[in-house]
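Tertiary structure, described
What follows is the residue order along each chain.
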Amino acid sequence: MCSGIPANMGTETMTRPLLTLLACVLAFWMGYSANQGSTCLVAASQELQQRRRPGLFVGFLAASAAAGLVAVPLAWSGAGGALAASVDISATVLVGAVAFGIGALINDACLLGSLSRLGDGEIRLLAMPVGLAVGLLLIDRIMIDRSPLRPSVLTAPSKFGAAVLGGFLIVAVLSQAYISRRTASRSGGRWPLGVAMLVLGLTGGALYAIAPVWNYVHLVQRSLPLTMAATREISILTVAASIAGAVTAALHQGRWRLQRPTLADIGKSFVGGALMGVGVALIPGGNNGLILAAIPALSPGGIVAYLLMTATIVLGLSVIARISRKSTTA
């Protein structure tokens, strides 16, 4: 789906240096928008569980729709780009989604959230990719068969595909209208949430289409002796560009503060990263790839995995809150 999938790295008419430059520009603005929007599945789940507000989730919906509006035409254009492959709903995918949700809860940030908060100076999140590598290696060693991948139903132009694009446009417009009416205005150089999510979706959708191995999950995979490891060097540059974008956004808002981690913080990020690595390998793909690539490609397993990992985080937060209330009243 978004991980370990052979896919076209870009257009055959586009030269490799030009493709790399374009991917880096997109990665920079994706990192910038992720930090501007404080995009994180854990934060969205906290907002829903504590305040009963779905603002961030509606924002993710807008980002997915915007990603589809970019990625699908790119795949149809013949100029290059590829939609994420689909995976069917299976026990493996469901287990992966639960593992990822628990890992994100322990880390207190999903993959997108880790990128955003690393830009703010939370260097304890550097331990997360190390844990991610452990989880990926673990699944690679104990599993031979993974969920089979197949082409997206939107790979080729069709009347159904045109209708889906129309649906993406409607969802994007309605989501933006909801966000603009229901979310508070932001200060301190921060973009409105709707703008941040729109830029995240447009840049992320284009990035996954032209350079599917752009992110740090693939960079970790490429650095490990995995059968599914990617081999493209482009991920080194795009990961650096996305982090630079997140840091630039934090500096622009005056939010960048170097935060020295404790050993407990590092341990949480490592363990959380390991569980997210298990999830990435089993689904395959993390929440960023699900939101910006798998859901826009209408992957059944990807959609269900995203919903289940979200439910896992919300349930986990509810359990933690209940335990905390009991300990307070005891």
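All values reported here derive from a predicted model rather than from experimental measurement.

1. Overview of helix α7 (residues 159-182)
Between its terminal C-alpha atoms α7 stretches 34 Å, which fits the 34 Å expected from 24 residues at 1.5 Å a residue. Those residues of α7 that fall on the buried side of the exposure criterion are G161, V164, L165, F168, A172, S175 and I179. Residues of α7 that are buried sit in contact with α3 (55-77) and α8 (193-210).

2. Structural notes on the packing of aromatic side chains
Under the defined criterion, the tally for this structure stands at six aromatic pairs. Ring centres 5.1 Å apart and planes at 55° place the aromatic pair W29 and Y32 in the tilted group. Residue W29 and its partner Y32 are located together in helix α1 (residues 16-36), separated by three residues, close to a single helical turn. A residue is classified by how much of its surface remains accessible, and Y32, at 8% relative accessible area, is buried. Measuring from centroid to centroid gives 6.4 Å for F57 and F60, while their planes differ by 70°, and the two rings are edge-to-face. Taken together, the residues F57 and F60, both in helix α3 and three residues apart, mark about one turn of the helix.

3. Things to note about the pattern of salt bridges
In this structure the tally under the stated criterion is six salt bridges. Notably, a salt bridge pairs R150 with D88, separated by 2.6 Å at the nearest N-O pair. Placement of R150 in strand β2 (residues 149-150) and of D88 in the loop between β1 (86-87) and α4 (91-107) is noted, with a sequence separation of 62 residues between them. By relative accessible area, which is 38% here, D88 ends up partly exposed. Of the charged contacts in the structure, one is a salt bridge between R141 and D140, with a shortest N-O distance of 2.7 Å.

About the criteria used
- Residues take numbers from 1 onward in each chain, read along the sequence in its written order.
- Selection of residues for local features in this predicted model requires a pLDDT of at least 70, selection of side-chain atom pairs for listing and counting requires 80 or more, and totals for whole chains, interfaces and linings are taken over all residues.
- Side-chain numbers here rest on the full set of heavy atoms in the structure, without hydrogens or water.
- Here a strand is any run of E in DSSP of at least two residues, a helix any run of H or I of at least four, and the numbering for each starts at the N terminus.
- What a helix is expected to span follows from its residue count: subtract one and scale by 1.5 Å.
- Only protein chains enter the accessibility calculation, which uses a 1.4 Å probe; a residue whose area is less than 20% of its type maximum is buried, one above 50% is exposed, and one in between is partly exposed.
- The contact criterion used is simple: two residues touch if any of their non-hydrogen atoms lie within 4.5 Å.
- Classification of ring pairs rests on two measures: the distance between centres of Phe, Tyr or Trp rings, Trp counted by its six-membered ring, which must be within 6.5 Å, and the angle between planes, read as stacked under 30 degrees, edge-to-face over 60 and tilted in between.
- A side-chain nitrogen of Lys or Arg and a carboxyl oxygen of Asp or Glu constitute a salt bridge if their distance falls within 4 Å.

On their own, these measurements won't tell you what the molecule is for.
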